[in-house]
Amino acid sequence: MLLHRVVIAHLRQACRLKSTPSRLCIQACSTDDSLQPQCPSLAFSGDNSSTGGWKVMGTLLGLGAVLAYHDHRCKAAQESPHIYTREEVRSHSSPETRIWVTLGCEVFDVTEFVDLHPGGPSKLMLAAGGPLEPFWALYAVHNQPHVRELLAQYKIGELSPEDEVPSTLKTSDPYSDDPVRHPALKVNSQRPFNAEPPPELLTENYITPNPIFFTRNHLPVPNLDPETYRLHVVGPPGGQSLCLSLDDLYKFPKHEITVTLQCAGNRRSEMTQFKEVRGLEWNTGAISTARWAGARLCDVLAKAGHQPCETEAHVCFEGLDSDPTGTAYGASIPLARAMDPEAEVLLAYEMNGQPLPRDHGFPVRVVVPGVVGARHVKWLGKVSVEPEESYSHWQRRDYKGFSPSVDWDTVDFDSAPSIQELPVQSAITEPRDGETVQSGEVTIKGYAWSGGGRAVVRVDVSLDGGLTWHVAELDGEEQRPRKAWAWRLWQLQAPVPAGRKELNIVCKAVDDSYNVQPDTVAPIWNLRGVLSNAWHRVHVHVAP
């Protein structure tokens, strides 16, 4: 009977509905539903109460054994983890010795995960035998719950509390010196910082004010001293390499142009609505326009001895923004474009009449009119001419378009060309999706742009989802043939059809090559969500 009382007491404790340690432990340690404790009635009834009592006793004794077994399992699982020193961790830095890393005080064996790492095995191997923090600090995606849960599967122990924290972990946040940003910007990621202006501010001015110009950073923003800044331009064999200060750049003829920059991922959020993609959730604001000034790249390359050539060649740019390993942002453009005075590629040091803001490349950045923003390398440190395009991750393993049928298991980045010129684009900035407009007349505003210097010749707007169309009025600077580097702002004032309670507003642009936007996302969807230029759609309500 003493055993009976003990088992019943244990059973009552396990069967409480409130979360007790015993209950939680059993649920956590068992994947077999048959081992979960039940709460049978303990009342005896009828003539066979004695027999029934012994049956219940047997059940209780069996359940008590199960509980005791699970208590043993849970205690074993909760035993102190294995303790390792940092020196032991450092000795596991190759597939032969197995690959260990640390995060905080925890130790992980990630050998089996290296080849599965989304950023590629080489990136993860940079942390082999050491801490993840210097690398994780660069990319906020690592702080998402599912990433932490994935890493937890590889935990093998903890670091000795007697070990000192390495100095690399005591250093300040690599983003702590980033510049202050305008509060109106809609932030898509803080680390690195990426943000876009709200639509209603985006097209308020033809020239986007510097503080709300969209920001696309891949790494921490460097804080460069203009007095010690030097741009290294590698000369050809037999030529002269240059080491240029800002004053040296000022001596080249100053060239000014108005250019629209657009991120390859502009409007990616619309692709995500159709099917999941990987990348920042840009809306319609990853595009802006500025008046840029600087030295023409063709003049600087000529000074170093470079000339146009018939064989394929590329101008490679390397930024001064880098990760803890010294890997810098890089990109390239064809030499033919770089050497063409009509292409007006700049080494820009001014933006809207002011020195470049830090977020936009101070003191010098590349501006490549008509080309995707990823090639406009900021904080420019080096220029060279090479037989092949840049080997940068962002040139070879990103910013490429693929068929909707390609997924992350079948993608071959070497099979697709790097994005250079962008397709025709337009979007509605007023009214906002879901807004209520007044009956009578509605004013619709937006922007339109096409890559490669192709001029926008028309913007069509529909109030009924594309059944009928109106032609919008184009505003802004007149565009030069084949040099239409900047967007056209547009607007339409149209009567609201009587009795309509809602409007499905759509816009599409046409450029001077008669390229036109596709009507839906489906045929242009791709796994990275780039080149999103389907008709832009806004649904609004009409006030009664």
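Values in this document were obtained by computation on a predicted structure and should not be read as measured data.

So, on to the overall build of the protein. Within the protein one finds 14 helices and 27 strands. A buried classification covers 51% of the 544 residues belonging to the protein. Relative to all contacts within the protein whose residues are 6 or more apart in sequence, the contacts with residues 24 or more apart total 70%. For the protein, the exposed surface amounts to about 26,600 Å²; the carbon and sulfur share of it is 53%.

Our focus in this paragraph is the nonpolar core. Counting 50 residues, the largest nonpolar core has Leu297 and Leu380 as its most contacted members. Each of domain 2 (186-397) and domain 3 (424-542) accounts for three or more of the residues forming this core. If sequence neighbours within four positions are ignored, Leu380 has contacts with Tyr229, Leu231, Phe317, Glu318, Gly319, Leu320, Leu347, Val364, Arg365 and Val366.

Turning our eyes to something else, we now look at the side chain of Asn266. Locating Asn266 in the fold gives a position in the loop between strand S11 (254-262) and helix H11 (268-274). Polar contacts involving the side chain of Asn266 include one to the side chain of Tyr447, which spans 3.1 Å. The residues touching Asn266, leaving out its near neighbours within four places in the chain, are Trp282, Asn283, Thr284, Gly285, Ala286, Ile287, Gln425, Tyr447 and Ser532.

Turning next to the sheet that holds strand S2 (residues 93-94). Pairing is mixed across the open sheet formed by five strands, whose spatial order is S1-S5-S4-S3-S2. Two strands in the sheet have a free side with no partner beyond their single neighbour: strand S1 (83-84) and S2. With three bridges connecting them, strand S4 (residues 106-109) and strand S5 (residues 155-159) associate as antiparallel partners. Bridging from a neighbouring strand, Glu106 pairs with Glu158 of S5.

Right, let's talk about the pairing of strand S25 (residues 488-495) for a bit. In this structure, strand S21 (residues 441-449) lies alongside S25, joined through eight bridges in antiparallel fashion. Of the residues in S25, the one forming a bridge with Thr443 is Gln493. Judged from the three bridges that link them, strand S24 (residues 473-475) and S25 form a sheet pairing that is antiparallel. Residue Leu474 lies in a different strand from S25, and its bridge partner there is Trp490.

The mixed open sheet is built from five strands, whose spatial order is S10-S9-S18-S13-S14. Whereas interior strands pair on both sides, the edge strands pair on one side only; in this sheet they are strand S10 (242-244) and strand S14 (328-334). Strand-to-strand twist of the sheet, defined as the mean angle between neighbouring strand axes without regard to direction, takes the value 15°.

Let us look at the packing of aromatic side chains. The description of an aromatic ring pair uses the distance of the two centres, along with the angle that the planes make with each other. Within this structure, the stated rule accounts for eleven aromatic pairs. Plain terms: the ring middles of Trp408 and Phe413 are 6.3 Å apart, the flat faces sit at 45° to each other, and that makes the pair tilted. For Phe413, a relative accessible area of 10% puts it in the buried group. An aromatic cluster is defined as three or more aromatic residues linked by ring pairs; in this entry it consists of Phe213, Phe214, Trp282 and Trp292.

Of note, the amide linkage connecting Arg191 to Pro192 takes the cis form, showing an omega dihedral of 0°. Here Pro192 shows up in the loop between strand S6 (186-189) and strand S7 (194-196). Looking along the chain, the bond that leaves Phe362 and enters Pro363 is cis, with omega of 10°. Among the secondary structure elements, Pro363 is positioned in the loop between strand S16 (354-355) and strand S17 (365-367). Look at Asn352: it is not a glycine, yet its phi comes out positive at around 55°. The topology assignment puts Asn352 in the loop between strand S15 (346-351) and S16. A positive phi angle, close to 55°, is found at Tyr399, a residue other than glycine. Counting through the fold element by element, Tyr399 comes out in the loop between helix H14 (393-396) and strand S19 (425-430). Overall, Tyr399 belongs to the buried group, its relative accessible area being 2%.

Our next topic: the environment of Gly279. Relative to the helices and strands, Gly279 is located in the loop between H11 and strand S12 (287-296). Of the residues examined, Gly279 reaches a relative accessible area of 40% and is grouped as partly exposed. Along the backbone, Gly279 and Val530 are 251 residues apart, and their C-alpha atoms lie at a distance of 8.8 Å. Filtering out sequence-adjacent residues up to four positions away, Gly279 remains in contact with Arg268 and Arg528.

Further remarks concern the side chain of His536. Here His536 lies in strand S27 (residues 536-542). Polar contacts involving the side chain of His536 include one to the main-chain amide nitrogen of Ile428, which spans 2.8 Å. Look past the residues within four positions of His536 in its chain and what remains in contact with it is Arg267, Glu270, Thr284, Ser426, Ala427, Ile428, Ile505, Val506 and Cys507.

Considering all chains together, one arrives at 26 salt bridges under this definition. With its nearest N and O atoms 3.8 Å apart, the salt bridge here joins Glu389 to Arg396. One exposure class covers both Glu389 and Arg396, and it is buried. Salt bridges sharing partners connect three or more residues here, namely Arg337, Glu421, Arg454 and Asp511.

Turning our eyes to something else, we now look at the pairing of S21. Across a regular strand the side chains alternate sides, sitting on one face of the sheet and then on the other. Bridge count for S19 against S21 is five bridges, and the pairing is antiparallel. Note that in S21 the partner of Ile428 across the bridge is Gly446.

This brings us to the confidence of the model for the protein. On average, residues of the protein score 86 in pLDDT, and 82% of them reach the 70 mark or higher. Here residues 1-77 scores under 50 on pLDDT; set against residues more than four positions off or in separate chains, the count is 51 contacts.

Mapped onto the secondary structure, Val345 falls in the loop between helix H13 (335-339) and S15. The buried category is assigned to Val345, whose relative accessible area is 2%. Filtering out sequence-adjacent residues up to four positions away, Val345 remains in contact with Ala295, Arg296, Leu297, Ile333, Arg337, Ala338, Val366, Val367, Val368 and Pro369.

Turning next to the environment of Pro174. The residue Pro174 is located in the loop between helix H8 (167-170) and S6 in this model. Assessed through its relative accessible area of 35%, Pro174 is described here as partly exposed. Taking the C-alpha atoms as reference points, Pro174 and Pro134, separated by 40 residues in sequence, lie 8.5 Å from one another.

Rules used in this analysis
Residues numbered from 1 in each chain as written. Predicted model: local features only at pLDDT ≥ 70, side-chain atom pairs only at ≥ 80, totals over all residues. Heavy atoms only, no water. Helix = DSSP H or I, 4+ residues; strand = E, 2+ residues; numbered from the N terminus. Buried < 20%, exposed > 50% of the residue type's maximum accessible area, 1.4 Å probe, protein only. Contact = heavy atoms within 4.5 Å. Areas by Shrake-Rupley, 256 points an atom, 1.4 Å probe, with all protein chains shown as cover. Core = buried A, V, L, I, M, F, W, Y, C linked by side-chain atoms within 4.5 Å. Domains from an automatic or database assignment. Polar contact = N/O pair within 3.5 Å; in protein donor to acceptor, adjacent residues only side chain to side chain. Pairing = 2+ DSSP bridges. Axes fitted to C-alpha atoms, helices over the stretch in contact; angles between N-to-C directions. Phe/Tyr/Trp six-rings, centres within 6.5 Å; stacked < 30°, edge-to-face > 60°. Salt bridge = Lys/Arg side-chain N within 4 Å of Asp/Glu carboxyl O. pLDDT = per-residue confidence, 0-100.

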